[in-house]
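Summary of the model geometry
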Amino acid sequence: MKTDEQNDPASFEATAPASTELPPTAPCTVVWCGGRPYVLESSAGHTRWMGTDHRGRPVALTSADLQRRGWSHTRAS
């Protein structure tokens, strides 16, 4: 059984290689980070990447957060 620390997205941050490519900027784009999908939402000039944590709670990330944690256009196996 995994502990909360093993499932915590912040713990993934330390082990994931950072992507050298910047995340996309087109609204409604989907990327994968830490095995979870994130969708780019744009509202009144403010953009954020929305997804969920390991418990299904909403999580908002910036493009810089995604770049630090490592992201991909495809789901990792």
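Residues numbered from 1 in each chain as written. Predicted model: local features only at pLDDT ≥ 70, side-chain atom pairs only at ≥ 80, totals over all residues. Heavy atoms only, no water.

Let's talk about the confidence of the model for the protein
Just so we agree on the cut-off: As a per-residue measure, pLDDT reflects the predictor's confidence and takes values from 0 up to 100. The contact definition used throughout considers only heavy atoms, calling two residues in contact when any of these lie within 4.5 Å.
Residues of the protein with pLDDT of at least 70 account for 73%, and the chain-wide mean is 79. Segment residues 1-16 is flagged for pLDDT under 50; beyond a separation of four residues in sequence, or across chains, it makes 17 contacts in the model.

Focus: the pairing of strand β3 (residues 46-52)
Inclusion rule: Two strands qualify as a pair provided DSSP detects at least 2 bridges between them. In DSSP terms, a helix is any run of H or I states spanning at least four residues, a strand is any run of E spanning at least two, and both are numbered starting from the N terminus.
Looking at chain direction, strand β2 (residues 36-43) and β3 are connected through 5 bridges and run antiparallel. Following the sheet pairing, E41 is matched in β3 by R48. Linking β2 back to β3 in an antiparallel pair, the connection comprises 2 residues, with A44 at a positive phi of about 50°. Where β3 meets strand β4 (residues 58-61), 4 bridges bridge the pair, whose relative direction is antiparallel. Its bridge partner being in β4, W49 is matched across the sheet by L61.

Observations regarding the nonpolar core
For clarity, the threshold we go by: Nine residue types can take part in a nonpolar core, namely buried Ala, Val, Leu, Ile, Met, Phe, Trp, Tyr and Cys, and a core is a set of them joined through side-chain atoms within 4.5 Å. Exposed residues in this analysis have more than 50% of their type's maximum accessible area, buried residues have under 20%, and partly exposed residues fall in between, with area computed by a 1.4 Å probe over protein chains only.
Counting residues in each nonpolar core, the largest one holds 9 residues, listed as V31, C33, Y38, L40, W49, V59, L61, L66 and W71. Those residues in contact with C33 that lie beyond four places of it in its chain are Y38, L66, R69, G70 and W71.

Observations regarding the pattern of salt bridges
Note the following rule: By convention in these notes, a salt bridge is any Lys or Arg side-chain nitrogen within 4 Å of a carboxyl oxygen on Asp or Glu.
Counted according to the given criterion, the structure contains 3 salt bridges. When the shortest N-O distance is used, the salt bridge between R57 and D53 registers 2.7 Å. A residue is classified by how much of its surface remains accessible, and R57, at 42% relative accessible area, is partly exposed. For D53, a relative accessible area of 8% translates into the label buried. Linking D65 and R68 is a salt bridge whose minimum nitrogen-to-oxygen distance equals 2.3 Å. In this pair, D65 and R68 are both assigned in helix α3 (residues 63-69), 3 residues apart and thus about one turn of the helix distant.

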